[in-house]
Amino acid sequence: MKRSNLQIRGFSKLSKSAKIAWLSQEHLKDPAMGLALIASYNHSDDAVQQRHDEFIENTVANYFLPLGVAPNFLINGQVYTLPMAIEESSVVAAAAKSAQFWMDRGGFHSTVHSTTKVGHIHFTFNGDASALAALLDRITPELLAATEGITANMRARGGGILSLELKDRREAMDGYFQLEVRFETRDSMGANFINSCLEEMAKVLRLEAATDAGTASGDLEVVMCILSNYTPECLVHCEVRCAIADLDDGSGMDVQEFARKFQRAVRIAEVEPYRATTHNKGIMNGIDAVVLATGNDFRAVEAACHTYASRDGQYRSLTHCSIEEGEFRFWIEIPLSLGTVGGLTKLHPMVQLALEALGNPGAKELMGIIAASGLAQNFAALRALTTTGIQKGHMKMHLLNILNQLEASDAEKAELTAFFADKVPHHAEVVAAFCRLRGIPIPQAEGVVR
Ligand code: MEV
């Protein structure tokens, strides 16, 4: 492949078609095929396409993920169908299976502790800390007044700035202080709101510190103003519970043994970071899929959940399990900073559809729904891991993915699905079976012994 002209200046100024032409010409083996592929992913409605183009810079195409739905989630007495945008096979099926299982056992119980978020003005100061504290006390009304224009709408919706606190962090870094500001942002995630408030307050802080007799010589320097994606107060708890005897799913398993093994599996993730990482990854399969489908920031949610998982210094499971007096309880507690207004919610038609399918929930309700999705996913994974093993459930979709890679026809897929119904479809064996069915040579590289 030619890699001659990969540097480019002024790329962002090019038209979309010029960007696509450059990408295809300079980066792809077959530019014409690249152009055709990109064109085929274009939305047929120009206005919708333009809206997608304008979400980010340098857009060249749309990137599809499947949107699946997992029905039968009974959460706080209400039944939901969860929209899930995810590429990983078996996540949606697992969610739906767990949802159905718990539907018959009282469903999921979600409680939101709070939706408080935090932002910081990070600054350095080399003067008298007590003069700085006195300055902050004096200028707090002024700091709040500086944000009034920004907070007016939020205050009308019952939100706004909750508190301001000076934090002395000199034990962590020379001269390091923070102004920690707590916010209530109601149904919006609030990132822009929080950052705007902090930046306005920082202007006042800078000016007042430079002119105040007690602090002027302390050389206060604002390093940055930013919300924190760690939102440990923005916490939701979701749990399922039933009598151990009711864990019986008709498969003939020993429910006492299952409950004990399941609890032990959770315990392993509580004490062992290697396992906790995979365990929590499975939880995020459920969480991210709904976060993404509802137009929320899955990177922020991921970051917060993993920080929370390591809040005592060791990375641990986000879920917990207890067995007491014959009752099985399984729960998750996670920080989820979400929005159901603002951001993509008004702009992305599929996000609007996903929120409508959920009954247009507010942020708190969505926190409860998404926590249930994570818990359901973890239940499905642990149930499989502690009983049949994880591969059995993965294999059906795995087989389909291999057959799709081989471009099998519907009839071939049906025949090979039946053939592998009672066998583990290892890649090489699927390829061999497919080749036999088509009557074509089996590739040697697959290393299949015939
Ligand atoms: C795979 O995406 C997720 C699992 O590995 C989670 C787990 O092991 O708990 C199945």
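1. Details of the site of the ligand
Okay, step 1: Around the ligand, the neighbouring residues are E88, R275, T278, H279, K281, G282, N285, A381, L385 and I390.
Okay, step 2: E88 is positioned such that a nitrogen or oxygen atom in its side chain is 2.5 Å from an oxygen atom of the ligand.
Okay, step 3: Here an oxygen atom of the ligand sits 2.6 Å away from a polar atom, N or O, in the side chain of K281.
Okay, step 4: Across the complex, the protein chains shield 85% of the 300 Å² of accessible surface that the ligand would expose by itself.
Okay, step 5: Listing elements by their share of the shell around the ligand, those giving two or more residues are α9 (273–293) and α12 (363–386).
Okay, step 6: Among the elements that make up the shell around the ligand, the one with the highest residue count is α9 (6 residues).
Okay, step 7: Its residues placed into classes, the shell around the ligand shows 3 nonpolar, 4 polar and 3 charged.

2. Section: the sheet that holds strand β5 (residues 160–168)
The pairing of strands in a sheet comes from backbone hydrogen bonds and takes either a parallel or an antiparallel form.
Okay, step 1: Pairing in this open sheet of 4 strands is antiparallel, and the strands run β5-β6-β4-β7 from one edge to the other. Each having just a single partner strand, β5 and β7 (221–227) make up the two edges of the open sheet. With direction set aside, neighbouring strand axes in the sheet form an average angle of 20 degrees.
Okay, step 2: Sheet analysis places strand β4 (residues 116–124) next to strand β6 (residues 176–184), joined by 9 bridges and oriented antiparallel. The residue bridging I121 from the neighbouring strand is L179, located in β6.

3. Some points on a nonpolar patch on the surface
Okay, step 1: Where nonpolar side chains cluster on the molecular surface, the patch consists of L37, Y41 and F64 and spans about 320 Å² of accessible area.
Okay, step 2: Mapping L37 onto the fold places it in helix α2 (residues 31–40).

4. Quick look at the environment of L416
Okay, step 1: Here L416 is to be found in helix α14 (residues 410–419).
Okay, step 2: Among the residues examined, L416 registers a relative accessible area of 4% and is labelled buried.
Okay, step 3: Each C-alpha atom of the pair L416 and G250 lies 29 Å from the other, and the pair is 166 residues apart in sequence.
Okay, step 4: If sequence neighbours within four positions are ignored, L416 has contacts with L399, L403, A433, F434 and L437.

5. Section: the packing of aromatic side chains
Given two aromatic rings, one states the distance between the centres and the angle between the planes to describe the pair.
Okay, step 1: The tally for this structure, following the rule as stated, stands at 16 aromatic pairs.
Okay, step 2: For the ring pair F73 and F108, a centre distance of 5.4 Å and an interplane angle of 25 degrees mean the geometry is stacked. Of this pair, F73 sits in strand β1 (residues 67–75) while F108 sits in the loop between α4 (91–103) and β3 (109–112), and the two are 35 residues apart along the sequence. In terms of burial, F73 and F108 fall into one category: buried.
Okay, step 3: Taken together, a centroid distance of 5.3 Å and an interplanar angle of 70 degrees make the contact between F262 and F328 edge-to-face. One end of the pair, F262, is in helix α8 (residues 255–271); the other, F328, is in strand β10 (residues 327–335), with 66 residues separating them in the sequence.

6. A closer look at the packing of α8 against α12
Okay, step 1: Two elements in contact, α8 and α12, have axes whose closest approach is 10 Å; the angle formed by their N-to-C orientations is 115 degrees. As judged from the angle between their axes, α8 and α12 are roughly perpendicular. Crossing of α8 against α12: the hand is right-handed. Listed contacts from α12 to F258, K261, F262, A265 and V266 of α8 are F379, L382, R383 and T386.
Okay, step 2: Considering only residue class, the contact of α8 with α12 consists of 6 nonpolar, 1 polar and 2 charged.

7. Points about the sheet that holds strand β8 (residues 235–243)
Okay, step 1: One open sheet accounts for 4 strands, arranged β3-β8-β10-β9; its pairing is antiparallel. At either margin of the open sheet sits one strand with a lone partner, and together these are β3 and β9 (319–324). Strand-to-strand twist in this sheet, taken as the mean axis angle between neighbours without regard to direction, amounts to 20 degrees.
Okay, step 2: Across 4 bridges, the pairing between β3 and β8 is antiparallel. Note that in β8 the partner of S110 across the bridge is C238.
Okay, step 3: Those strands touched by α8 are β9 and β10, and its axis lies near 140 degrees from that of β9.

8. Looking at the side chain of T386
Okay, step 1: Here T386 is to be found in helix α12.
Okay, step 2: The class for T386 is buried, based on a relative accessible area of 11%.
Okay, step 3: Polar contacts involving the side chain of T386 include one to the main-chain carbonyl oxygen of R383, which spans 3.5 Å.
Okay, step 4: Not counting the four nearest positions on each side in its chain, T386 is found in contact with F258, K261, F262 and A265.

9. Here we look at the pattern of salt bridges
Okay, step 1: Inspection of the entire model under this criterion finds 17 salt bridges.
Okay, step 2: A salt bridge links D249 to R383, with the nearest nitrogen and oxygen atoms 3.4 Å apart. In this pair, D249 sits in the loop between β8 and α8 while R383 sits in helix α12, placing the two residues 134 residues apart along the sequence.
Okay, step 3: Under the relative-accessibility criterion, D249 is labelled partly exposed at 34%.
Okay, step 4: A salt bridge links D312 to R316; the shortest N-O distance between them is 2.7 Å.
Okay, step 5: The exposed category is assigned to D312, whose relative accessible area is 51%.
Okay, step 6: Through salt bridges with shared partners, a single ionic network connects R138, E208 and D212.

Reading guide: rules and limits
Per-chain numbering applies: the sequence of each chain, read as written, is numbered from 1 onward. Where totals are concerned, whole chains, interfaces and linings use all residues; where local detail is concerned, this predicted model gives features only for residues with pLDDT of at least 70, and gives and counts side-chain atom pairs only at 80 or more. No hydrogens and no water enter the side-chain calculation; it runs on all heavy atoms of the structure. Proximity is defined per residue: any heavy atom of the residue falling within 4 Å of a molecule or strand makes that residue near it. Under the rule applied, a polar contact is a pair of N or O atoms within 3.5 Å (in protein, one hydrogen donor and one hydrogen acceptor; residues adjacent in sequence only if both atoms are side-chain atoms). Values of accessible area rely on a 1.4 Å probe in the Shrake-Rupley scheme; residue burial ignores everything except the protein chains shown. We count a stretch as a helix when DSSP gives it H or I for four or more residues in a row; a strand needs E for two or more, and each element gets its number in order from the N terminus. Each residue gets one of three labels, nonpolar for Ala, Val, Leu, Ile, Met, Phe, Trp, Tyr, Cys and Pro, charged for Asp, Glu, Lys and Arg, and polar for the others, Gly among them. Two strands qualify as a pair provided DSSP detects at least 2 bridges between them. To obtain each axis, a line is fitted to C-alpha atoms, and for helices this fit is confined to the stretch in contact; angles are then taken between N-to-C directions over 0 to 180 degrees. To count toward a patch, a residue needs a relative accessible area above 30% and no salt bridge. Like charges then connect within 9 Å, nonpolar side chains (Val, Leu, Ile, Met, Phe, Trp, Tyr) within 5 Å. For salt bridges, the criterion is a side-chain nitrogen of Lys or Arg within 4 Å of an Asp or Glu carboxyl oxygen. Throughout this description, buried means an accessible area under 20% of the type-specific maximum (1.4 Å probe, protein chains only), exposed means over 50%, and partly exposed covers the range between. Only heavy atoms enter the contact rule, under which two residues are in contact if any of them lie within 4.5 Å. Aromatic pairs are defined between Phe, Tyr and Trp rings, using the six-membered ring for Trp, whenever the two ring centres lie within 6.5 Å; interplanar angles under 30 degrees are classed as stacked, those over 60 as edge-to-face, and all others as tilted. Oblique is the label for any angle not under 35 degrees, not over 145, and not in the 65 to 115 range, which are roughly parallel, roughly antiparallel and roughly perpendicular in turn. By definition, any crossing whose near helix is turned counterclockwise from its far helix by less than a right angle is left-handed, and any crossing with a clockwise turn is right-handed.

The quantities given are spatial measurements derived from coordinates; they are silent on function.
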